[in-house]
Amino acid sequence: MIPHFTDHSANERTYLAWVRTAISVMAFGFLLERFDIFLLFTSRAVAGVTQTLHTRASQWLGLGLLLVGALMIVGATVRFYRNRKAIEAADTSIYGDSWTARGMAVLLVVMAIFLTLYVARQLAALS
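Residues numbered from 1 in each chain as written. Predicted model: local features only at pLDDT ≥ 70, side-chain atom pairs only at ≥ 80, totals over all residues. Heavy atoms only, no water.

### A closer look at the overall build of the protein chain
Inference 1: If you tally the helices and strands in the protein chain, you get four helices and zero strands.
Inference 2: From first element to last, N terminus to C terminus, the protein chain shows the α and β order α-α-α-α.
Inference 3: Per-residue burial for the protein chain yields a buried fraction of 28% across its 127 residues.
Inference 4: In the protein chain, 80% of the contacts between residues at least 6 apart in sequence involve partners at least 24 apart.
Inference 5: Surface accessibility of the protein chain: about 8900 Å² in total, with carbon and sulfur atoms responsible for 71%. (Helix = DSSP H or I, 4+ residues; strand = E, 2+ residues; numbered from the N terminus. Buried < 20%, exposed > 50% of the residue type's maximum accessible area, 1.4 Å probe, protein only. Contact = heavy atoms within 4.5 Å. Areas by Shrake-Rupley, 256 points an atom, 1.4 Å probe, with all protein chains shown as cover.)

Structure (structure tokens):
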């Protein structure tokens, strides 16, 4: 019998959920980084739209999401081992949220707002 098995398995499930989320964020970042190919194709298909439609903002945002995904995996790994040590410890510890998780959440919200404004601007330019 493994002591505190349910706590350890819950910790591992949470870790794997963070890793899956990070992989999804990274995949979206890669897709977004290649979004400029779609913009170039649509700008050539629409008459009267110049090449100034293409900007590097989607590439920078995509690279940012790739970086955030990698940081999420690092943060999840650190948190997994910290919680594992706390589960095995004999004394009681307080469960707290980290400032890095809050910072990454704020960064993702800022990126989402920027992406929304960027796509809206591109669609307005196509109209």
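### A closer look at the UniProt feature "transmembrane region" (unreviewed entry) in the protein chain
Inference 1: Mapped onto the present numbering, the UniProt feature "transmembrane region" (unreviewed entry) falls on residues 15-32, 60-81 and 101-120.
Inference 2: Each end of residues 101-120 is marked by a C-alpha atom, and these two atoms are 29 Å apart; helix forms 100% of the span and strand 0%. (UniProt positions renumbered as here; feature names shortened; annotations may be inferred.)

### With respect to the nonpolar core
Inference 1: The biggest cluster of nonpolar side chains holds ten residues, and these are A22, V25, L32, L61, L65, V68, M72, M104, M111 and L115.
Inference 2: Of all elements in the fold, only α1 (5-33), α3 (57-88) and α4 (99-126) reach the threshold of two or more residues within this core.
Inference 3: The element best represented in this core is α3, accounting for four residues.
Inference 4: If we skip the residues at most four places from it in the chain, L65 touches V25, M26, F28, G29, L32, L108 and M111. (Core = buried A, V, L, I, M, F, W, Y, C linked by side-chain atoms within 4.5 Å.)

### Focus on the packing of α3 against α4
Inference 1: Two elements in contact, α3 and α4, have axes separated by 11 Å at closest approach and are oriented at 160 degrees. Considered as vectors, α3 and α4 are oriented roughly antiparallel to each other. In this structure, α3 meets α4 at a crossing whose hand is left-handed. Only M104, L107, L108, M111, F114, L115 and Y118 of α4 make contact with α3, whose side of the interface consists of A57, S58, L61, G64, L65, V68, L71 and M72.
Inference 2: Along the lines of polarity and charge, the residues of the contact of α3 with α4 split into 13 nonpolar, two polar and no charged. (Axes fitted to C-alpha atoms, helices over the stretch in contact; angles between N-to-C directions. Parallel < 35°, antiparallel > 145°, perpendicular 65-115°, else oblique. Left-handed = near helix turned anticlockwise from the far one by under 90°. Nonpolar A, V, L, I, M, F, W, Y, C, P; charged D, E, K, R; others polar.)

### Some points on unusual backbone geometry
Inference 1: The phi angle at H4 is positive, at roughly 60 degrees, despite the residue not being glycine.
Inference 2: Under the relative-accessibility criterion, H4 is labelled partly exposed at 43%.

### What to know about the packing of aromatic side chains
Inference 1: Taken as a whole, this structure holds two aromatic pairs when the rule is applied.
Inference 2: Look at Y15 and F80: their rings are 5.0 Å apart centre to centre, the planes differ by 35 degrees, and that puts the pair in the tilted class. On the criterion of sequence distance, the pair formed by Y15 in helix α1 and F80 in helix α3 is long-range, its members being 65 residues apart.
Inference 3: For the ring pair F80 and Y81, a centre distance of 5.2 Å and an interplane angle of 75 degrees mean the geometry is edge-to-face.
Inference 4: According to the relative accessible area criterion, F80 is buried, its value standing at 14%.
Inference 5: Residue classification places Y81 among the partly exposed positions, given a relative accessible area of 48%.
Inference 6: Put simply, the rings of Y15, F80 and Y81 pair up and form one aromatic cluster. (Phe/Tyr/Trp six-rings, centres within 6.5 Å; stacked < 30°, edge-to-face > 60°.)

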